[in-house]
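What the coordinates show
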Amino acid sequence: SLEDEQGPVGVDVAMPEGLAHTDEYFGEVQIFYHSADIALQLTRDTRDATLTVTSQGCADAGLCYPPHKQSFRLDFTAGTATAVAPTAATSATTAA
């Protein structure tokens, strides 16, 4: 999700092609090793906003780690992204 001082900012997401994989629990999935460059196109202009993403890693042997939630402060004027430390409420939600 992406939010600024006015509220949610709509985004169109362009994902790269991953490696196709059939998972016994999740079905047909795309796998990305190490990283993936994901392009976001905003539906309205904003100078800065907070991007919150959730990712999950899985070992080839089938063990998946718990989902990992991260937030970043995006400054579109400067072209920078800075990690935001999780709050106590975010940490409690992630741990649940």
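Further up the page is the structure itself.
Attention here is on the structure that accompanies the text. The model shown is predicted, which means the values in this text are computed figures rather than measured ones.

The subject of this paragraph is the overall build of the protein chain. The helix and strand tally for the protein chain stands at one helix and nine strands. Secondary structure elements of the protein chain, listed N to C terminal, follow the sequence β-β-β-β-β-β-β-β-β-α. Expressed along its principal axes, the backbone C-alpha trace of the protein chain runs to roughly 40 × 30 × 20 Å. Here the protein chain holds 96 residues, and the buried ones make up 12% of them. When the accessible surface of the protein chain is totalled, it reaches about 7,500 Å², and 55% of it is carbon and sulfur. Between the mean site of the 4 positive side-chain charges and the mean site of the 13 negative ones, the protein chain shows a separation of 15 Å.

Space inside the largest pocket adds up to approximately 1,200 Å³. Lining the largest pocket are 32 residues; nearest its centre among them are Q30, I31, F32, Q56 and G57. Of all the elements in the fold, those that place two or more residues in the lining of the largest pocket are β4 (19–23), β5 (27–31), β7 (48–55) and β8 (68–75). In terms of residue count, the dominant contributor to the lining of the largest pocket is β7 (four residues). When its residues are assigned to classes, the lining of the largest pocket shows 17 nonpolar, 11 polar and four charged.

Let us now look at the side chain of D23. By secondary structure assignment, the location of D23 is in strand β4. The buried charged residue D23 lacks any salt bridge partner; its closest oppositely charged side chain belongs to K69, at an N-O distance of 23 Å. In this structure the side chain of D23 is engaged in a polar contact, spanning 2.7 Å, whose partner is the backbone nitrogen of F26.

Strands sit in the order β2-β1-β7-β8-β9 across an open sheet of five strands; the sheet is antiparallel. The sheet terminates laterally at β2 (7–8) and β9 (80–84), the two strands that pair on one side only. Pairing of strand β1 (residues 2–4) with β7 involves two bridges; the strand directions are antiparallel. Bridging from a neighbouring strand, E3 pairs with T50 of β7.

Examined bridge by bridge, β7 and β8 share eight bridges and lie antiparallel to one another. Following the sheet pairing, T54 is matched in β8 by K69.

In globular proteins that are soluble, nonpolar side chains generally tend to be buried together. One finds L2, V9, A49, L51 and L74 forming the largest nonpolar core, which totals five residues. The residues touching L2, leaving out its near neighbours within four places in the chain, are G7, P8, V9, V11, L42, A49, T50, L51 and L74.

Conventions adopted
Residues numbered from 1 in each chain as written. Predicted model: local features only at pLDDT ≥ 70, side-chain atom pairs only at ≥ 80, totals over all residues. Heavy atoms only, no water. Helix = DSSP H or I, 4+ residues; strand = E, 2+ residues; numbered from the N terminus. Buried < 20%, exposed > 50% of the residue type's maximum accessible area, 1.4 Å probe, protein only. Areas by Shrake-Rupley, 256 points an atom, 1.4 Å probe, with all protein chains shown as cover. Lys, Arg positive; Asp, Glu negative; His and termini not counted. Charge placed at Lys NZ, Arg CZ, Asp CG, Glu CD. 1 Å grid on protein atoms, 1.4 Å probe; cavity = no way out; pocket = protein on both sides within 12 Å on 5 of 7 lines; lining within 4 Å. Points joined across faces, edges and corners; volume = space filled by probe spheres on them. Nonpolar A, V, L, I, M, F, W, Y, C, P; charged D, E, K, R; others polar. Salt bridge = Lys/Arg side-chain N within 4 Å of Asp/Glu carboxyl O. Polar contact = N/O pair within 3.5 Å; in protein donor to acceptor, adjacent residues only side chain to side chain. Pairing = 2+ DSSP bridges. Core = buried A, V, L, I, M, F, W, Y, C linked by side-chain atoms within 4.5 Å. Contact = heavy atoms within 4.5 Å.

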